[in-house]
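Residue strings, one per chain:
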Amino acid sequence: MNKFGRILLSAGALGAATVTYSAAIERRHWTLRQVSLPVLDAGAAPLRVLHVSDLHMTPNQRSKQRWVSELVDLDPDLVVNTGDNLAHPQAVPAALRAMGPLLDRPGVFVFGSNDYYGPTAKNPARYLLPSSKTKRIHGDPLPWRDLRAALTERGWLDATHRRHLLEVAGVRIHVAGVDDPHLHLDRYDQIAGPLPEDVQLRLGVTHSPEPRVLDSFAEDGYDLVLAGHTHGGQLRLPGYGALVTNCELDRGRARGASTWGERMHLHVSAGLGTSPYAPVRFACPPEATLLTLLPRSEDEALTSENAERETPFGSGGGVR
């Protein structure tokens, strides 16, 4: 075999190994990310918020269901779900099995495109195009109303174009959200306006972190916005990061915590699933995030070393 042939053979073997790892190993490498953010008003007690997103659940994903259900052992004060729970018309029972123990905790949710419509087979190259130049392709309708009814019956708050006041673990919270900006369903004007003064956290919730929505939250004075949708890029290159975000957000914010504007913090979850038609992840394991929210006065105490940690663990393992 000549040198060129050996190069082709090696490249083919490396490509096959990468695909096998991405599809068979990493996309089931459930990971807990832990982040500390100084977003509360001075004097507030620390608040533990579990951020889950993009489950893209199908009925037989038992490993994912077990792992998510065990997140209750983290003892979160509040659970925030930023959408895309479903990937199959019969996945509502599976999603509820996963979230079941968490439904006993205070919770807030908004939905994403893959709560409303099922996934479809698409050319992967379309994700390399700017989001504004891609045509929306909807699959069959999904039973989002059944999921919404189940979540609200257990006490979780639907933040879709709603403003809520709640108190969790002694912290007074104003929370509001929008419908999925990826589908252009967001109507921020329905939640716009002055925020209550007697709260210690102003929390915004959206599925897709579109800059136009983030700007609106920031202008109204929100402390923190939680979002999903990007899958963290789903495929990331070491030293480069996410290839795409599938929205207008810049690649540098595709996963994790960042700041937006003068004072607002943003957290984007890389999510726990993938489309059944693109079941791969590379350098971007599926994740949930435990956010420890602290008073802004403790900002100086946070460093890049302790502000964010990633803790991999296998299905069925402890989550402490």
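Each chain carries its own residue numbering, running from 1 in the direction its sequence is written. Confidence filtering applies because this is a predicted model: local features only for residues at pLDDT of at least 70, side-chain atom pairs given and counted only at 80 or more, and all residues used for totals across whole chains, interfaces and linings. To obtain the side-chain values, all non-hydrogen atoms of the structure were included, while hydrogens and water were left out.

Within an unreviewed UniProt entry, the label attached to the chain reads Calcineurin-like phosphoesterase domain-containing protein, and the organism entered is Saccharopolyspora hordei.

Trainee: Requested: an account of the side chain of threonine 245, with residues and values cited.
Mentor: By definition, any uninterrupted DSSP run of H or I lasting at least four residues is a helix, any uninterrupted run of E lasting at least two residues is a strand, and each is numbered from the N terminus. Of note, threonine 245 is situated in the loop between strand 11 (241-242) and strand 12 (256-260). Any N or O atom pair separated by 3.5 Å or less is treated as a polar contact, with the protein-specific requirement of one donor-capable and one acceptor-capable atom, and with residues adjacent in sequence counted only for side-chain atom pairs. At 3.0 Å, the side chain of threonine 245 forms a polar contact with the backbone oxygen of cysteine 247. In this structure the side chain of threonine 245 is engaged in a polar contact, spanning 2.9 Å, whose partner is the backbone oxygen of leucine 249. Residue contacts are counted whenever heavy atoms from the two residues lie within 4.5 Å of one another. Sequence-distant contacts of threonine 245, defined by excluding residues within four places in its chain, comprise His229, Thr230, Asp250, Arg251 and Ala254.

Trainee: Could you give me a rundown of the environment of alanine 98, with the residues and numbers involved?
Mentor: Position of alanine 98 among the secondary structure elements: in helix 3 (residues 92-99). Buried residues are those whose accessible area, probed at 1.4 Å on protein chains only, stays under 20% of the maximum for their type, while exposed residues exceed 50% and partly exposed ones sit between those limits. According to the relative accessible area criterion, alanine 98 is buried, its value standing at 0%. Each C-alpha atom of the pair alanine 98 and arginine 62 lies 8.7 Å from the other, and the pair is 36 residues apart in sequence. The contact partners of alanine 98, leaving out residues within four places of it in the chain, are Leu55, Met57, Gln65, Val68 and Ser69.

Trainee: Kindly report on the packing of aromatic side chains, identifying the contributing residues and their values.
Mentor: For any pair of aromatic rings, the description rests on two quantities: the centre-to-centre distance and the angle between the ring planes. Ring geometry is summarised as follows: Phe, Tyr and Trp rings, the Trp one being its six-membered ring, pair when their centres sit within 6.5 Å, and such pairs are stacked at plane angles under 30 degrees, edge-to-face over 60 and tilted between the two. Taken as a whole, this structure holds seven aromatic pairs when the rule is applied. Between the aromatic rings of tryptophan 30 and tryptophan 67, the centroid separation amounts to 6.4 Å while the plane-to-plane angle is 35°, which identifies the pairing as tilted. Of this pair, tryptophan 30 sits in the loop between helix 1 (3-24) and strand 1 (31-40) while tryptophan 67 is found in helix 2 (residues 62-69), placing the two residues 37 residues apart along the sequence. Residue classification places tryptophan 30 among the buried residues on the basis of a relative accessible area of 3%. Judged by centre distance (5.2 Å) and plane angle (85°), the rings of tyrosine 116 and tryptophan 144 are edge-to-face. With tyrosine 116 in helix 4 (residues 113-116) and tryptophan 144 in helix 5 (residues 144-153), this residue pair connects regions lying 28 residues apart in the sequence. The exposure class of tyrosine 116 is buried, given its relative accessible area of 11%. An aromatic cluster is built from Phe109, Phe111, Tyr116 and Trp144, whose rings are joined through pairwise contacts. Taking the ring centre of tyrosine 240 as reference, the NZ or CZ of arginine 251 above it sits at 4.0 Å. Look at NZ for Lys and CZ for Arg. If either is within 6 Å of the ring centre and within 35 degrees of the ring normal, a charge sits over the ring.

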